[in-house]
Amino acid sequence: MPVVNRIADFATDMTAWRRHLHQIPELALDLPKTAAFVAERLREFGVDELHEGIAQTGMVAIINGQGHDAPDAPTIGLRADMDALPIPEETGVEYVSGHAGNMHACGHDGHTTMLLGAAKYLAETRNFSGRVALIFQPAEEAIGGARIMVEEGVMEQFNIGEVYALHNLPGLAEGSFLTTPGPIMAAVDTFHVRIQGVGGHGAMPHETRDPVMAACGIAQAIQTIVSRNHYALQDLVVSVTQIHTGTVDNVIPDTAYINGTVRTFDPEVQDMVMRRMEEIVAGQAVSYGVEATLDYEVGYPATINDADKADFAVGVAREIVGEDRVVPDATRDMGAEDFSYMLNARPGAYLYIGQGDTAGLHHPKYDFNDAIAPVGASFFVRLVERAQPAA
């Protein structure tokens, strides 16, 4: 796979960085070892500024190019997520997680490595104008570290005008790229329904107000939102993923709990789902003679690429790997990503880079493919050099 020659020179170093990060997976905002390692590398590379402690353990590194001190000098943002997942690792690799119960099952160790590789090259060459802001973000998998960084003002503080990110994708050919203009991933919401009934003996159901039957009724009725309340050509997923109730075979319990996820692209569809879910839960509760409460949590918004920035990124990707290895108009999917908050704040694009034929994301046997890290780093540096060419 074509990569920038200088990046190819330190590809072995990138593999070592990635495998070290793989051994110290940390969760959410609490990434002290990961952040310390990243900060140490950035200082070694000679970045011009390093701002730490953003969103607790996130950081922004600034690399100045030519003409960076001009009043209207642009700044391009490149983002990598750093957090891991609470999944016991089953890869069997020599560099297996040293934090029991946690692992880099989504490749954020690789994303961080790609951006570190880009940082090393850009700090050495400075073959661009303006500035680059390298955004190392915690808590993509939970909480929404991107949201926190945006709320803490990183876009304004560093005068970021556009922003880009890469994510590896198992099943996509190794080192190829995939993206699309407009929506690429969905908004994600979570719902919780708590049901209070009156329990009793399983042989005497007439003396109870059965939360088990109410839970079944609510779960089935919720599915009619997709089949009967929205236009079939609009993307919508409503999935009940948990029902918890009862302990033994001859006792009707007092309570039941339902949990699930909602995926949308259109805010009007999202509003409809919330309204209908409230109506269904309230109506079914009356029908079954129980009390039921709905807690609907609005999560990450849809990830929407700027059409012009996505087209520009596609051109850069083609320069790196060739036209036939870039999919510019992929079908959007119902996954979610907190980079959406950064794309809401500034125009930019989110792309997938092919991981090859490996275990899937969030799988205990997943491991990032080190061969693609130099390709991703090459994409980042060419993006900067093409977006902000040196005078």
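As shown above, the structure is provided for reference.
Just so it is clear, the structure is predicted and the values come from calculations on it, not from any experiment. Position labels on residues start from 1 in each chain and follow its written sequence. At least 70 in pLDDT is required for a residue's local features to be given in this predicted model, at least 80 for side-chain atom pairs to be given and counted, and no such filter applies to totals for whole chains, interfaces and linings, which use all residues. To get the side-chain values, all heavy atoms of the structure are used, and hydrogens and water are removed first.

A. Molecular detail of the sheet that holds strand 13 (residues 291–298). Across the sheet, four strands lie side by side as 10-12-8-13; this open sheet has antiparallel pairing. Looking at which strands have only one partner, the edges of the open sheet turn out to be strand 10 (236–245) and strand 13. Within this sheet the neighbouring strands show an average axis-to-axis angle of 15°, counted without direction. Two elements, strand 8 (residues 187–196) and strand 12 (residues 255–264), share ten bridges in a ladder whose sense is antiparallel. Paired with A187 across the two strands is T264, which belongs to strand 12. Contact criterion: two residues are considered in contact whenever any of their non-hydrogen atoms come within 4.5 Å of each other. In this description, a line fitted to the C-alpha atoms serves as the axis of each element, helices being fitted only across the stretch in contact, and the angle between N-to-C directions of two axes falls anywhere from 0 to 180 degrees. By the criteria applied, helices consist of DSSP H or I runs no shorter than four residues and strands consist of E runs no shorter than two, each listed in order from the N terminus. Along the sheet, helix 7 (residues 211–228) makes contact with strand 8, strand 10, strand 12 and strand 13, crossing strand 10 at roughly 175°. Here helix 8 (residues 267–288) sits on the sheet in contact with strand 8, strand 10, strand 12 and strand 13, set at roughly 165° to strand 13. Strands qualify as paired when DSSP identifies two bridges or more between them.

B. Structural view of the nonpolar core. We call a set of buried residues a nonpolar core when its members are Ala, Val, Leu, Ile, Met, Phe, Trp, Tyr or Cys and they connect through side-chain atoms within 4.5 Å of each other. For the exposure calls, accessible area comes from a 1.4 Å probe over protein chains only, and a residue counts as buried if that area is under 20% of its type's maximum, exposed if over 50%, partly exposed in between. With 59 residues, the main nonpolar core has L42, L78, L134, F136, F177 and F379 as its most contacted residues. Look past the residues within four positions of F379 in its chain and what remains in contact with it is L166, F177, A313, V316, A317, I320 and L351. Listed in part, the 30 residues of the second largest apolar core include M155, M185, A330 and L343.

C. Examining the packing of aromatic side chains more closely. Geometry of aromatic contacts follows a simple scheme: Phe, Tyr and Trp rings, the Trp one being its six-membered ring, pair when their centres are within 6.5 Å, and the pair is stacked under 30 degrees between planes, edge-to-face over 60, tilted otherwise. Within this structure, the stated rule accounts for seven aromatic pairs. Between W17 and F45, the aromatic rings sit 5.5 Å apart at their centres with planes inclined by 45°, giving tilted as the arrangement. Here F45 lies in helix 3 (residues 32–45) and W17 lies in helix 2 (residues 11–23), a separation of 28 residues in the sequence. The interplanar angle of 50° and the centroid separation of 6.0 Å between the aromatic rings of F379 and F380 together place this pair among those described as tilted.

D. Fine view of the environment of P364. Counting through the fold element by element, P364 comes out in the loop between strand 16 (348–356) and helix 11 (373–387). The sequence separation of P364 and G289 amounts to 75 residues, and the corresponding C-alpha distance is 43 Å. Setting aside residues up to four positions removed in sequence, P364 forms contacts with I87, P88, E89, E90, T91 and M103.

E. Highlighting helix 3. Across its 14 residues, helix 3 extends 20 Å between first and last C-alpha, which sits within 8% of the 20 Å expected from 1.5 Å per residue. Looking only at helix 3, the buried set comprises T34, A35, F37, V38, A39, R41, L42 and F45. Buried positions along helix 3 lie against helix 2, strand 1 (49–54), strand 2 (58–64), helix 4 (108–125) and strand 4 (131–137). After helix 3 finishes, the residue G46 shows a positive phi value of roughly 85°. Take the number of residues in a helix, subtract one, and multiply by 1.5 Å to get its expected span.

F. Looking closely at the pattern of salt bridges. Basic side-chain nitrogens of Lys or Arg form a salt bridge, by our definition, when they fall within 4 Å of a carboxyl oxygen of Asp or Glu. Scanning all chains against the criterion turns up 25 salt bridges. Of the charged contacts in the structure, one is a salt bridge between R41 and E44, with a shortest N-O distance of 2.7 Å. Separated by three residues within a single helix, R41 and E44 lie in helix 3, roughly one turn from each other. Classification of E44 by relative accessible area gives exposed; the value is 53%. Bridged by salt links that share partners, the residues R18, R19, D109, D367 and D370 form one connected network.

Nothing here speaks to function; it is all geometry.
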